[in-house]
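Take a look at the letters that make up each chain.
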Amino acid sequence: MDRPQLYGWAFSNYVRAVRILLLEKKVDYHFETVTFQDLTVDDFTRLHPFRRVPVLVHDRKIIYESQAILHYIDESFDGGSFQPKTPLERARMHQWMSVTVSYIQPIAIGQIFVQRVYIPENGGQADEGTIKRAVTAIASHLDVVETALTQAYLVGDSITLADIFMAPVLLSMKLAPEGEQLINSRPRLKTWLEQLAKRPSFVETAVPVPKFGLELVA
Ligand SMILES: N[C@@H](CCC(=O)N[C@@H](CS)C(=O)NCC(=O)O)C(=O)O
């Protein structure tokens, strides 16, 4: 089998989730860093018709969309399975991955991280009203996760794709003081995130907040 090539930038949480899985499974891969500028080049649509990252190229096949990539990697390479065995548990795993993109990521990253961390880091001023509303909006979503975390991981006592997909998003949100407070006031969520953040795959893929400029969030 070919050595897979992953296209993306390290700070993307979607890209990070893919890198975490590749590291967890000890898959030898090549990371090709692309920039926002690269996405605008006509040729990029050969890799991703919607001009996004991550993209995985393996055995001359192109796979895009992070959840599809995660499943492909998990099922194509040795290194243990990161999907539970029963249909109900697998449904739960998909449920949490869908919750991540539908309800958590747009607020945790799109509002709290962007306003409190990314914009100031790139020389701009946070919109306090947006942050306030975002904190209120995400609190009840996080309560749902807190209640569900009765075991070590989102689905039972083994790490699955759901943990690998959701945790990077919440770790980015936690860089904001409001995000940290949202996590630390929920003991199960706090412990779950702390345990995951200590794993070598998470440590190795942690990168500083990028300075891509304010036009990115204009
Ligand atoms: N649904 C896509 C989302 C990918 C995505 O939005 N990636 C961001 C980086 S985190 C991106 O490529 N942004 C570039 C842009 O919005 O132009 C997936 O799950 O892979």
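These figures come from a predicted structure and were not determined experimentally.

Undergrad: What's the story with the environment of Asp 143 in this structure? I'm lost.
TA: Within the secondary structure, Asp 143 is located in helix α5 (residues 128-148). For the pair Asp 143 and Leu 182, spaced 39 residues apart in the sequence, the C-alpha separation amounts to 9.6 Å.

Undergrad: What is the right way to read the domain arrangement of the chain from this model?
TA: One frequent convention defines the size of an interface as the accessible area lost when the parts assemble. For the chain, the assigned domains read domain 1 (5-76) and domain 2 (87-199). Inter-centroid distance (C-alpha atoms) of domain 1 to domain 2 is 22 Å. Domain 1 puts 13 residues into the contact, and the matching count from domain 2 is 15 residues. At the boundary of domain 1 with domain 2, total buried surface from both sides reaches about 1300 Å², with 69% on carbon and sulfur atoms.

Undergrad: How should I be thinking about the sheet that holds strand β3 (residues 55-58) in this particular structure?
TA: Strand pairing in a sheet is mediated by backbone hydrogen bonds. Such pairs are either parallel or antiparallel. Across the sheet, four strands lie side by side as β2-β1-β3-β4; this open sheet has mixed pairing. Of all the strands in the sheet, just β2 (30-33) and β4 (61-64) have a single pairing partner and so form its edges. Averaged over all pairs of adjacent strands, the angle between strand axes in this sheet comes to 20°, irrespective of strand direction. Where β3 meets β4, four bridges bridge the pair, whose relative direction is antiparallel. Bridge pairing links Leu 56 to Ile 63 in β4. With respect to the sheet, helix α1 (residues 13-24) is in contact with β1 (5-8) and β2, its orientation differing from that of β1 by roughly 155°. Most of the contacts of helix α3 (residues 66-76) go to β4, to which it runs at about 125°, and overall it touches β3 and β4.

Undergrad: Could you clarify how one ought to interpret the UniProt feature "domain: GST N-terminal" (unreviewed entry) in the chain in this entry?
TA: Mapped onto this numbering, the UniProt entry gives "domain: GST N-terminal" (unreviewed entry) at residues 2-81. The span residues 2-81 is 35% helix and 20% strand, and its two end C-alpha atoms sit 20 Å from each other.

Undergrad: How should the pattern of salt bridges be read in this particular structure?
TA: When the charged atoms of two side chains with opposite charge come close together, those side chains can pair. Taken as a whole and assessed by the stated rule, the structure comprises 10 salt bridges. The shortest N-O distance in the salt bridge between Glu 121 and Lys 211 comes to 3.1 Å. One end of the pair, Glu 121, is in helix α4 (residues 87-121); the other, Lys 211, is in the segment after α9 (200-204), and 90 residues separate them in sequence. The partner of Lys 190 in a salt bridge is Glu 194, and the shortest N-O contact between them spans 3.2 Å.

Undergrad: Sorry if this is basic, but what is going on with the layout of surface pockets here?
TA: Gaps left between atoms are located by rolling a probe of water-molecule size over the structure's atoms. Of the pockets and cavities examined, the largest pocket occupies roughly 660 Å³. If you trace the largest pocket, you find 26 residues lining it, with Trp 9, Ser 12, Tyr 14, Phe 36 and Gln 105 closest to the centre. Secondary-structure elements contributing two or more residues to the lining of the largest pocket are α1, α2 (36-40), α3 and α4. Each residue belonging to the lining of the largest pocket can be placed in one class, and the counts come to 17 nonpolar, six polar and three charged. When residues of the lining of the largest pocket are sorted by domain, at least three fall in each of domain 1 (5-76) and domain 2 (87-199).

The rules behind the values
- Each chain carries its own residue numbering, running from 1 in the direction its sequence is written.
- Only residues with pLDDT of 70 or above have their local features reported here, since the model is predicted, and side-chain atom pairs are shown and tallied only from 80 upward, although totals for entire chains, interfaces and linings are computed over all residues.
- No hydrogens and no water enter the side-chain calculation; it runs on all heavy atoms of the structure.
- The way it works is that DSSP assigns letters per residue, a run of H or I at least four long becomes a helix, a run of E at least two long becomes a strand, and they are numbered from the N terminus.
- These domain boundaries are the output of an automatic or database domain assignment.
- The criterion used for residue contact is that any of the two residues' heavy atoms lie within 4.5 Å.
- What gets called buried area is simply the loss in accessible area from a 1.4 Å probe that two parts show on being joined, summed for both.
- In this analysis, strands are considered paired if DSSP registers two or more bridges between them.
- Orientation is described by axes fitted as lines to C-alpha atoms, over the contacting stretch for helices, and by angles from 0 to 180 degrees between their N-to-C directions.
- UniProt positions are given in the numbering used here, feature names are shortened, and annotations may be inferred rather than shown by experiment.
- One speaks of a salt bridge when a side-chain nitrogen belonging to Lys or Arg is within 4 Å of a carboxyl oxygen belonging to Asp or Glu.
- Two kinds of site are reported from a 1 Å grid over the protein atoms alone, namely cavities, where a 1.4 Å probe fits but cannot get out, and pockets, open sets with protein on both sides within 12 Å along at least five of seven lines, and residues are called lining when an atom falls within 4 Å of a point.
- Grid points are joined across faces, edges and corners, and a volume is the space filled by probe spheres set on the points.
- Side-chain classes follow a simple rule in which Ala, Val, Leu, Ile, Met, Phe, Trp, Tyr, Cys and Pro form the nonpolar group, Asp, Glu, Lys and Arg form the charged group, and the remainder, Gly included, forms the polar group.

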